[in-house]
Amino acid sequence: LFKMLSSHSKVGHPHPGQPYKGGDFCAFLPDNKEGQKIVVLLKKAFDHGLTFQIKSCNGEERVTWGLVPHKTSWDGGKARNGYPDAQYLHEVCRVL
């Protein structure tokens, strides 16, 4: 389990100086050697401001997931950002 909470983003803000809404974000990884390797890379991506972005949505600015893919559910498959997804660890490693 890899859980990350954020109310800010280092990625460029579309309207600098304007307030934006944060959020709670939770992502899941398997607890194995490959998953532990990905956690280290995800922490580096977070430290470099690559995990989240700020987008306009219905007239307000809010933090959303960035371009790094995350599994936000244990089930539902790839279509629902969940497992099983045999290619996910390879894909996220490639992106990171």
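Here the structure is a predicted model, which is why all the values come from computation and not from measurement. (Residues numbered from 1 in each chain as written. Predicted model: local features only at pLDDT ≥ 70, side-chain atom pairs only at ≥ 80, totals over all residues. Heavy atoms only, no water.)

## Thoughts on unusual backbone geometry
Inclusion rule: Only DSSP runs of H or I with at least four residues qualify as helices, and only runs of E with at least two residues qualify as strands; both kinds are numbered from the N terminus onward.
Here the residue pair Y83 and P84 is connected by a cis peptide bond, since its omega of 0° sits within 30 degrees of zero. Assignment of secondary structure puts P84 in the loop between strand 4 (60-65) and helix 2 (88-95). Despite not being glycine, N58 has its phi angle at roughly 55°, a positive value. Residue placement: N58 occurs in the loop between strand 3 (52-57) and strand 4.

## Thoughts on helix 2
So the rule is basically this: A simple rule labels every residue: compare its accessible area, found with a 1.4 Å probe on the protein chains alone, to the largest value its type can have, and call it buried under 20%, exposed over 50%, or partly exposed in between. Here the arc refers to the directions that run from the helix axis out to each C-beta atom. When checking whether two residues touch, look at their non-hydrogen atoms; a contact exists if any pair is within 4.5 Å.
Buried residues of helix 2: Y88, L89 and V92, and no others. On an axial view of helix 2, the arc spanned by its buried residues comes to 95°, and they lie on one face. Exposed residues lying more than 90 degrees from the buried face of helix 2 are H90 and R94. Contacts from the buried residues of helix 2 go to helix 1 (33-47).

## Points about the packing of helix 1 against helix 2
Condition: Working convention: axes come from line fits to C-alpha atoms, limited for helices to the stretch in contact. Angles between N-to-C directions cover 0 to 180 degrees. Oblique is the label for every angle not falling under 35 degrees (roughly parallel), over 145 degrees (roughly antiparallel), or within 65 to 115 degrees (roughly perpendicular). Should the near helix be turned anticlockwise from the far one by less than a right angle, the crossing is termed left-handed; should it be turned clockwise, right-handed. Each residue gets one label: Ala, Val, Leu, Ile, Met, Phe, Trp, Tyr, Cys and Pro are nonpolar, Asp, Glu, Lys and Arg are charged, and the others, such as Gly, are polar.
Packing of helix 1 against helix 2 brings their axes to within 10 Å, and their N-to-C directions diverge by 25°. For the element pair helix 1 / helix 2, the angle class is roughly parallel. Crossing hand, helix 1 versus helix 2: left-handed. Taking contact as the criterion, the partners of E34, K37, I38 and L41 in helix 1 are, on helix 2, L89, H90, V92 and C93. Grouping the amino acids of the contact of helix 1 with helix 2 by side-chain chemistry returns five nonpolar, one polar and two charged.

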